[in-house]
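Report on the structure
What follows is the residue order along each chain.
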Amino acid sequence: MTVLDGIIAGVVADLEVRRARRSLEDLIAAVASMPAALDPLPALRAPSLSVIAEVKRASPSKGALADIADPAALAVAYAAGGAAVISVLTESRRFGGSLEDLAAVRAAVPTPLLRKDFVVTDYQLWEGRAAGADLALLIVAALDQKQLTGFLALGAELGITCLVETHTTEEVRRALDAGAGLIGVNNRDLKTLEVDLSHFQDLAETIDDQAVKVAESGILSVDDAVRMRAAGADAVLVGELLVRHGDPQAAVAALRAVA
């Protein structure tokens, strides 16, 4: 079993518990009364590098990263620094996140929010939207093509922008075939957890201008962000650097200053 397989097994088990507590019908009713989701794409297409700043307590590869007692306060700092999108981890077992974190951040900032989790069912898209998410992560390696296409279609119905995460040339092709307009390249191999920034450099040309390009994982300095920008990144998704920084507002601003 790969690391990704293990994470998804835990996600499915936890999902069943939440489903028993709140029905899909209740989520649908809640979403029907909400204002429209925010569109992150204009900000992600800005002339300079855009930043997706992540509220992230832990990771499978590094363990505990930061004791984030107040995710809303961290999100406010990210927004003040100019983050285009704020990503909130909601997977609990490996990342220490929750839907409560997402709801708290939603109440604190007007910035578009990405629910960062491992989506394997329609329920999770409704669930994320009901908690205030404007974006959802879809990991190509975790989905077959029918699922990927179906989740993108449901996301469009809900007004959710899907960040479609890829790791290989074949996965980029699948993302483009499914109609993804926002594609991430994860520099971390989710099967081995190894990081190589050249992954984005290798795959960016395959995406070209067919979608907004996001470099994910392993961006631990402004120099790394410069490297990703030079390779064609429209945005970088950054967690560890920001949660471990003494001044997250300034750290986001420094990344945004990359031309």
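This text goes with the structure placed above it.
Residues numbered from 1 in each chain as written. Predicted model: local features only at pLDDT ≥ 70, side-chain atom pairs only at ≥ 80, totals over all residues. Heavy atoms only, no water.

Moving on, we get to the overall build of the chain. For the chain, the count of helices and strands is 12 helices and 10 strands. Here the C-alpha coordinates of the chain stretch approximately 45 × 40 × 35 Å along the principal axes. Going through the 259 residues of the chain one by one, you find that 54% of them count as buried. Long-range pairs, those at least 24 residues apart, make up 68% of the contacts in the chain with a sequence separation of at least 6. If you sum the accessible surface of the chain, you get close to 10,500 Å²; carbon and sulfur atoms cover 53% of it. Both charge centroids of the chain, one from 24 positive and one from 35 negative side chains, sit 2 Å from each other. (Helix = DSSP H or I, 4+ residues; strand = E, 2+ residues; numbered from the N terminus. Buried < 20%, exposed > 50% of the residue type's maximum accessible area, 1.4 Å probe, protein only. Contact = heavy atoms within 4.5 Å. Areas by Shrake-Rupley, 256 points an atom, 1.4 Å probe, with all protein chains shown as cover. Lys, Arg positive; Asp, Glu negative; His and termini not counted. Charge placed at Lys NZ, Arg CZ, Asp CG, Glu CD.)

Within the chain, Leu 193 stands out as a residue other than glycine whose phi angle is a positive 70 degrees. By secondary structure assignment, the location of Leu 193 is in the loop between strand E8 (182-186) and helix H9 (198-207).

A few words on the pattern of salt bridges. Within this structure, the stated rule accounts for 15 salt bridges. The salt bridge involving Glu 240 is made with Lys 62; its shortest N-O contact spans 2.8 Å. Of this pair, Glu 240 sits in helix H11 (residues 240-243) while Lys 62 is found in the loop between strand E2 (58-59) and strand E3 (63-64), placing the two residues 178 residues apart along the sequence. The class for Glu 240 is buried, based on a relative accessible area of 14%. One salt-bridge network, held together by shared partners, links Arg 18, Arg 115, Asp 117 and Glu 127. (Salt bridge = Lys/Arg side-chain N within 4 Å of Asp/Glu carboxyl O.)

Following both chains from N to C, one finds helix H8 (residues 169-177) and H9 inclined at 35 degrees, their axes separated by 10 Å at the closest point. Viewed along their axes, H8 and H9 form a crossing whose handedness is right-handed. Two secondary-structure elements touch here, H8 through Thr 169, Val 172 and Leu 176 and H9 through Leu 203, Thr 206 and Ile 207. (Axes fitted to C-alpha atoms, helices over the stretch in contact; angles between N-to-C directions. Left-handed = near helix turned anticlockwise from the far one by under 90°.)

The next point concerns the environment of Ser 59. Along the chain, Ser 59 falls in strand E2. Judged by relative accessible area, which is 6%, Ser 59 ranks as buried. When the C-alpha atoms of Ser 59 and Leu 89 are compared, they prove to be 9.9 Å apart, with 30 residues separating the residues in sequence. Sequence-distant contacts of Ser 59, that is, excluding residues within four places in its chain, are made with Leu 65, Arg 94 and Phe 95.

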